[in-house]
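# Structure assessment
Residues per chain are reported as follows:
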Amino acid sequence: ADEPQHKLLHYSVSDRLEALQNEIVSAGGKVEMVSPPDMGTFDERVSFWKNWLQQQQTRPQRATAVVSYSILQNEPLRYAASELGLRVPKQLSVLYFGSAHDGYWGPATTSLIVPEYEMGCHAVQMLIAKIENPAVQQPSCALPFEWRDH
């Protein structure tokens, strides 16, 4: 039997989404969930974002920012915005979760850098503790992201 899509995603997707929604709402903002296709050609993903951005332009309260889970989702969005003549970040803020080695993806892209090195160190410490005492449950640990404006 097919499982619902949300059950197939890594738990960090829902954790990050929940934290982001809570922060936006606590700051008085509104959250609208958009599910772009993860698969398909680059052109298909650009087309999705172009359609969505064009719809936003006709709304009285259009979206002013988009947060994506990865650089792979961010790139077609920025390309679509550029094709429509939208200036990032003056007309649309773009933020994504990424890694320090994602490189430079154009002006005014904001990224939340995943602390990969620290995650690895913590995982090794947990593994050593588990080997030394297998019966003890290892607690999870939330590590802070680094905010980076490119």
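Residues numbered from 1 in each chain as written. Predicted model: local features only at pLDDT ≥ 70, side-chain atom pairs only at ≥ 80, totals over all residues. Heavy atoms only, no water.

## Here's the deal with the nonpolar core
- Grouped together as the largest cluster of nonpolar side chains are 13 residues, with contacts concentrated most on W49, W52, L53, V66, L77, A81 and L92.
- When contributions to this core are tallied by element, the ones reaching two or more residues are α3 (42-57) and α4 (71-83).
- If you tally residues by element for this core, the top one is α3, at four residues.
- If we skip the residues at most four places from it in the chain, A81 touches L53, L86, V88 and L92. (Core = buried A, V, L, I, M, F, W, Y, C linked by side-chain atoms within 4.5 Å. Buried < 20%, exposed > 50% of the residue type's maximum accessible area, 1.4 Å probe, protein only. Helix = DSSP H or I, 4+ residues; strand = E, 2+ residues; numbered from the N terminus. Contact = heavy atoms within 4.5 Å.)

## Here's the deal with unusual backbone geometry
- With an omega of 10°, the peptide bond between V88 and P89 qualifies as cis.
- Relative to the helices and strands, P89 is located in the loop between α4 and β2 (93-98).

## A short note on the side chain of R45
- If you trace the backbone, R45 turns up in helix α3.
- For R45, the residues in contact, after removing those within four places along its chain, are P37, D38, M39, G40, L72 and P76.

## Examining α3
- Its 16 residues give α3 an end-to-end C-alpha distance of 23 Å, which sits within 8% of 22 Å, the value for a rise of 1.5 Å per residue.
- Along α3, the residues that are buried comprise R45, V46, W49, W52, L53 and Q56. End-on view of α3: buried residues confined to an arc of 130°, all on one side of the axis.
- Considering only its buried residues, α3 is in contact with β1 (65-68) and α4. (Expected span 1.5 Å × (residues − 1). Arc of directions from axis to C-beta.)

## Topic: the pattern of salt bridges
- All told, the structure shown has two salt bridges when counted by the stated rule.
- R59 is the partner of E32 in a salt bridge, and the nearest nitrogen-oxygen pair spans 2.8 Å. Taken together, the residues E32 in the loop between α2 (11-26) and α3 and R59 in the loop between α3 and β1 connect sequence positions 27 residues apart.
- Owing to a relative accessible area of 36%, R59 belongs among the partly exposed residues under this scheme.
- The shortest N-O distance in the salt bridge between K50 and E83 comes to 2.9 Å. Placement of K50 in helix α3 and of E83 in helix α4 is noted, with a sequence separation of 33 residues between them.
- Judged by its relative accessible area of 25%, K50 is partly exposed.
- By relative accessible area, which is 43% here, E83 ends up partly exposed. (Salt bridge = Lys/Arg side-chain N within 4 Å of Asp/Glu carboxyl O.)

## Structural notes on the packing of aromatic side chains
- The tally for this structure, following the rule as stated, stands at three aromatic pairs.
- An aromatic cluster of at least three residues, connected via ring pairs, comprises F48, W49 and W52. (Phe/Tyr/Trp six-rings, centres within 6.5 Å; stacked < 30°, edge-to-face > 60°.)

## Thoughts on the confidence of the model for the chain
- Across the chain, the average pLDDT comes to 80, with 84% of residues at or above 70.
- Predicted confidence in the chain is weakest over helix α1 (residues 5-8), with a mean pLDDT of 49, and strongest over α3, with 92.
- Considering only residues more than four positions removed or in separate chains, one finds that residues 1-7, a stretch of pLDDT under 50, has one contact. (pLDDT = per-residue confidence, 0-100.)

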